[in-house]
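This is what each chain is made of:
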Amino acid sequence: MGLTPLELKPITIEQLPAVVELDKLCFNGLWTQEAYQRELESPNSDLLGLSIPEADKKFPILGVGCQWAIVDEAHITMVAVHPNYRGQGFGRALLFGLLKSARARGMERATLEVRESNQAALSLYQKFGFQTAGRRRRYYQDNNEDALILWRSGLLHPQFEETLSSWYGEISSRLSSFGWNLS
């Protein structure tokens, strides 16, 4: 039995309803379809999806990542993976795609906020070289939890291209161990 193909590519307008459904599962409806459409239309936004090509569309979007290009900085606004597919490397694939896109856009560094209690996300970001740079007190309105501000610099450094290549190999290996083939 072969590996199931997995695509990491920009979201299309036809996929927006599925992205909104994933948002509801992961974030209890943080963004509306209109908000995602604005992301698609903005030249300063990257909205990437992880999906199975030609899938039965039961889970057409397995993961989504978004970032904004602000001057020379990529602000990662979200990384979400369908709950049924967590722990297989999908978050790594999405973060890799966002950082690769940021580099292609000429972004020098990346930043994001993450819940202080979200250990899985913190571990992921630390694997990609993000470091804590500060804290936003009571950032999350649902429970007044603090957000940690994380930064990753050096995206334009020549060695970062080698780092991306190394990450791609690690991600591909992890995904294949779960039966996926990232194309």
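Since we're looking at a predicted model, the values are computed, not measured.

1. Points about the packing of helix α3 (residues 90-104) against helix α4 (residues 119-127)
Part 1 of the argument: Running from N to C, α3 and α4 cross one another at 45 degrees; their axes reach a closest spacing of 11 Å. One way to sum up the angle between α3 and α4 is to call them oblique. In the crossing of α3 with α4, the sense of the turn from one axis to the other is right-handed. Facing Gly91, Arg92 and Leu95 of α3, the residues of α4 in contact are Leu124, Tyr125 and Lys127.
Part 2 of the argument: Class assignment of the residues belonging to the contact of α3 with α4 gives a composition of three nonpolar, one polar and two charged.

2. A few points about the pattern of salt bridges
Part 1 of the argument: A full pass over the atoms with the stated rule returns ten salt bridges.
Part 2 of the argument: Here Lys9 and Glu7 are joined by a salt bridge, their closest N and O atoms 3.3 Å apart.
Part 3 of the argument: Residue class for Glu7 comes out partly exposed when judged on its relative accessible area of 21%.
Part 4 of the argument: Of the charged contacts, one joins Arg109 and Asp72 as a salt bridge, the two residues approaching to 3.2 Å between their closest N and O atoms. Remark: Asp72 occurs in the loop between β3 (63-70) and β4 (73-81) and Arg109 occurs in strand β5 (residues 109-115); sequence separation between them is 37 residues.
Part 5 of the argument: On the basis of relative accessible area, Arg109 is assigned to the partly exposed category, the value being 27%.
Part 6 of the argument: It is possible to trace a salt-bridge network through shared partners that takes in Glu116, Arg135, Arg137 and Asp146.

3. Section: the pairing of strand β1 (residues 4-10)
Part 1 of the argument: Both β1 and strand β8 (residues 180-182) contribute to a ladder of three bridges, which runs parallel. Considered in β8, the bridge of Thr4 is made with Trp180.
Part 2 of the argument: The sheet contact formed by β1 and strand β2 (residues 45-51) spans four bridges and is antiparallel. Paired with Pro10 across the two strands is Leu48, which belongs to β2.

Thresholds, definitions, all that
Residues numbered from 1 in each chain as written. Predicted model: local features only at pLDDT ≥ 70, side-chain atom pairs only at ≥ 80, totals over all residues. Heavy atoms only, no water. Axes fitted to C-alpha atoms, helices over the stretch in contact; angles between N-to-C directions. Helix = DSSP H or I, 4+ residues; strand = E, 2+ residues; numbered from the N terminus. Parallel < 35°, antiparallel > 145°, perpendicular 65-115°, else oblique. Left-handed = near helix turned anticlockwise from the far one by under 90°. Contact = heavy atoms within 4.5 Å. Nonpolar A, V, L, I, M, F, W, Y, C, P; charged D, E, K, R; others polar. Salt bridge = Lys/Arg side-chain N within 4 Å of Asp/Glu carboxyl O. Buried < 20%, exposed > 50% of the residue type's maximum accessible area, 1.4 Å probe, protein only. Pairing = 2+ DSSP bridges.

Read these as geometric descriptors, not functional statements.
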